[in-house]
Amino acid sequence: MGIRRILILKIILICFILIFFAACATNSNTYREPNMDFGAIQTVAVMPFVSLARDNVAAERVRDVFINKLLSTGAVYVVPVGEVARGVARAEIANPATPSPEEVVKLASIIKVQAVITGVLKEYGEVRSGTTSANIISVSLQMMEVQTGKVVWSASSAKGGISIWDRLFGGGGQPMNKVTEKAADDLINKLFK
Amino acid sequence: MISSTNFLNRACILLFAGVFCFSGCAWTEKNVSKIVQTHEGKFLIAVLPFENLSGTRAPLKDIRELFINKLRARGFPILEEETLDKFMARNRVRYTGGIDKPLTQAFKNETGTGGVLISSLELYSDANPPKIALTSRLVSSGDAPVILWIDGFGLAGDDSPGILELGLIENPKALLKKGVGRLAESLGEYFDKKADRGPIKSVKRKFRPKISYRSDVFDPSRKYTVAVVPFLNLSGRRNAGEILELEFIRNLKTIEQFDVVEPGMVRQQLLTLRMIIPEGISLANADALFATLDVDLIVAANVNEYQDYQGVFGKPKVDFFVQLIEKKSRSVVWSSVSHNEGDDGVFFFDLGRVNTAHAMASQMTRWIGEMMIEGSKRVQGSSEMNLRKGEK
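What you see is a predicted model, and the numbers here were worked out from it, not measured in a lab.

Moving on, we get to the overall build of chain B. Each helix and strand counted, chain B has 11 helices and 13 strands in total. Looking at chain B as a whole, 46% of its 392 residues qualify as buried. Once local pairs closer than 6 in sequence are excluded, the contacts in chain B between residues at least 24 apart make up 69%.

The following block contains the structure:
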């Protein structure tokens, strides 16, 4: 009987630990290199994003929004997309969406940037659940410093999707552009945190 | 002596009679005289064959003929068709969407024209209700081709249906007549020096760019010469890049701070330099254009969406990303993302609905121009952020 009581107490204790320690959880979808001085980065290049979505132009759209959001913060300067394309051609990067560390170093010396951002668009468009539909975006980014080509920051964001409100009242969720802007804002907040 | 006095009196009487009797023709005479005064006694206009950017078959010859008739009725002297045909054959003119310097010189020397009218049909749908969009510009002939005037229209038959749909236009010809008449009026107003771009209040706030950035390098009070390079078209619509390019030229041209270079000259330079811009303009390309065209700013853009619809159901969509590169700093001085749909902010009875992508793009580009030269207001950041800060 005594052993059973102890066992019950142990289970209750474990449950308490699980519940209360959840508050101490960190945001696991962001990585920041602790030794990196992000304040030193003034010019960045945003590479074309990899698109895993059905829409072929989606990656370009998300990249445009992200570049503009980043520029409008006034914290960093983003080199024009055409200049990045020139750098990619001159550095002979076969796959500009996923450059190797050596390629990043080479590219940076051509277009004179202090960091290179790459991204993957994982989901973009409409999702359905029963009779309800809504727009969703899921994107992850990486920043590489140009001395060694090492990843110094990585984050992902997913916005939109079907909410309880959509399920109850319909409405189709938020427009795609709005959802994209929210995801870009979220990523920039994570970068400047 | 007496006879000579009588003769003078008669001449005076005839002169007064002439002044009174011909006062009915005052508008035409006055305007023609102004046109005549503008360019060494004669301002003959050559109307080039229309460029078709609509992506569909359209009665281009009929539209051109209608436009020429409207211009003639307004008193503009138009270069004879036969002379124009011979000139075009002699100079091997095949591209009619723009004009370069050698051609404007040839126009001046060989035909004596003062200006060349270049028109692009952007949309033609005769499905009920019809939809038509057209942009036209007058480029001066001679050694320094300058865009003298540029205007356009984007009309749909159901733009203002009114009560019991009495205002609905179902005949494409009627709609065309309305639009072309408006263009001829606008050209007349240019020569009358009455042309006014109107207050920005007339352009709805919902068409402001959704995200914008303006560098401190850009001086809103300075005068800039601008070249608009061909836009990258990522949309499904054919020629969307060229259409939006024309909208930018049209709206930047109305702003005093900007002198816009004729796109035909930009095209010619790109061909001469063997420059292709598959993924946007690089700084090396920009440098070459700055040097050859002698401009201060280069406008480049990606058109992500440019969509019109046929018939009653649907809505136009326009989505683009634009960047301006400045000569001295070799940096981006303006960057913005704009996207709108025809039914944005429309809640009741289709009030405020826009039916053509042209009409929407025109207002969107107008806002960009206005925001670029805004002095006191904050233009950087997202439109929502600016609204939150209480700037209206």
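From this point, the narrative continues.
Below, the discussion takes up the packing of helix 3 (residues 81-90) of chain A against helix 4 (residues 101-111) of chain A. All names here are of chain A. Direction vectors running N to C along helix 3 and helix 4 enclose 125°, while the axes themselves pass 9 Å from each other. Viewed along their axes, helix 3 and helix 4 adopt a mutual orientation that is oblique. Like other packed secondary-structure pairs, helix 3 and helix 4 cross with a definite hand, here right-handed. In contact with Glu83, Val84, Gly87, Val88 and Arg90 of helix 3, helix 4 contributes Leu107, Ile110 and Ile111. A class-by-class count of the residues in the contact of helix 3 with helix 4 yields five nonpolar, one polar and two charged.

The next thing to look at is the interface of chain A and chain B. Between chain A and chain B, the residue contacts involve 19 residues of the former and 28 residues of the latter. Counting residues per element, the ones that place at least two in the side of chain A that touches chain B are helix 2 (58-73), helix 3 and helix 6 (176-191) of chain A. For the side of chain A that touches chain B, the element with the highest residue contribution is helix 2 of chain A, accounting for eight residues. For the side of chain A that touches chain B, the residue count by class is seven nonpolar, five polar and seven charged.

The next thing to look at is helix 5 (residues 101-111) of chain B. All names here are of chain B. Of all the residues in helix 5, the buried ones are Leu103, Thr104 and Phe107. Seen end-on, helix 5 carries its buried residues on one side only, within an arc spanning 100°. What points out from helix 5, more than 90 degrees from its buried face, is the exposed set Pro102 and Asn109. Buried residues along helix 5 sit in contact with strand 1 (44-47), strand 3 (113-125) and strand 4 (131-140). Within two residues after helix 5, glycine 112 carries a phi angle of roughly 75°, on the positive side.

A few words now on the domain arrangement of chain B. All names here are of chain B. Domain assignment breaks chain B into domain 1 (26-191) and domain 2 (202-388). Each of domain 1 and domain 2 has a C-alpha centre, and the two are 24 Å apart. The partner domain 2 presents 25 residues to the 26 residues of domain 1 that form the contact. If you list the elements that add at least two residues to the side of domain 1 that touches domain 2, you get strand 3, strand 4 and strand 5 (147-156). Sort the elements by how many residues they give to the side of domain 1 that touches domain 2 and strand 5 lands first, with seven residues. Classifying every residue of the side of domain 1 that touches domain 2 by side-chain character gives 12 nonpolar, seven polar and seven charged.

Moving on, we come to the pairing of strand 5 of chain B. All names here are of chain B. Of all the 10 residues making up strand 5, nine are buried; the element is thus mostly covered by neighbouring parts of the structure. Pairing analysis gives nine bridges linking strand 4 to strand 5, with the strands arranged antiparallel. Of the residues in strand 5, the one forming a bridge with valine 139 is isoleucine 147. Between strand 4 and strand 5, which pair antiparallel and follow one another directly, the connecting turn spans six residues, one of which, glycine 142, has a positive phi of 105°.

If you look at the biggest cluster of nonpolar residues, it comprises 147 residues, and the most contacted ones within it are Val116(A), Val226(B), Leu244(B), Ile298(B) and Val299(B). Element by element, the count of residues in this core is highest for helix 10 (residues 357-373) of chain B, at nine residues. When we break this core down by domain, the ones giving at least three residues each are domain 1 (26-191) and domain 2 (202-388) of chain B. Once you skip the residues sitting within four places of it in the chain, Val116(A) turns out to touch Val44(A), Ala45(A), Met47(A), Val104(A), Leu107(A), Ala108(A), Met144(A) and Val146(A).

The next subject is the environment of Glu123(A). Residues and elements named next belong to chain A. The topology assignment puts glutamate 123 in strand 5 (residues 115-129). Looking at glutamate 123, the number of C-beta atoms within 10 Å reads 16, which means it is partly exposed. With residues near it in sequence (within four places) discarded, glutamate 123 still touches Ala53, Ile136, Ile137 and Ser138.

Let us now look at the confidence of the model for chain A. Confidence in the prediction for chain A averages 89 pLDDT; 95% of positions are at 70 or higher. Here helix 5 (residues 164-169) of chain A stands out as the least confident element of chain A, with mean pLDDT 80; strand 2 (residues 43-46) of chain A is the most confident, with 96.

All names here are of chain B. Following asparagine 128, the chain continues to proline 129 via a peptide bond in cis, the omega torsion being -10°. By secondary structure assignment, the location of proline 129 is in the loop between strand 3 and strand 4. Backbone geometry places arginine 92, a non-glycine residue, at a positive phi of 50°. With respect to the secondary-structure elements, arginine 92 resides in the loop between helix 4 (81-90) and helix 5. A count of 6 C-beta atoms within 10 Å places arginine 92 in the exposed class.

Residues and elements named next belong to chain A. Tracing the chain through its elements places serine 157 in strand 7 (residues 151-160). A residue is classified by how many C-beta atoms lie within 10 Å of it, and serine 157, with 20 of them, is buried. A C-alpha to C-alpha distance of 6.2 Å links serine 157 and serine 140, two positions 17 residues apart in sequence. Not counting residues within four places of it along the chain, the set of residues in contact with serine 157 comprises Val139, Ala183, Asp186 and Leu187.

How each quantity is defined
- Residues numbered from 1 in each chain as written.
- Chains lettered and ligands numbered in written order.
- Predicted model: local features only at pLDDT ≥ 70, side-chain atom pairs only at ≥ 80, totals over all residues.
- Helix = DSSP H or I, 4+ residues; strand = E, 2+ residues; numbered from the N terminus.
- Buried ≥ 20, exposed ≤ 12 C-beta atoms within 10 Å, placed from the backbone.
- Contact = placed C-beta atoms within 7 Å.
- Axes fitted to C-alpha atoms, helices over the stretch in contact; angles between N-to-C directions.
- Parallel < 35°, antiparallel > 145°, perpendicular 65-115°, else oblique.
- Left-handed = near helix turned anticlockwise from the far one by under 90°.
- Nonpolar A, V, L, I, M, F, W, Y, C, P; charged D, E, K, R; others polar.
- Arc of directions from axis to C-beta.
- Domains from an automatic or database assignment.
- Pairing = 2+ DSSP bridges.
- Core = buried A, V, L, I, M, F, W, Y, C linked by C-beta atoms within 7 Å.
- pLDDT = per-residue confidence, 0-100.

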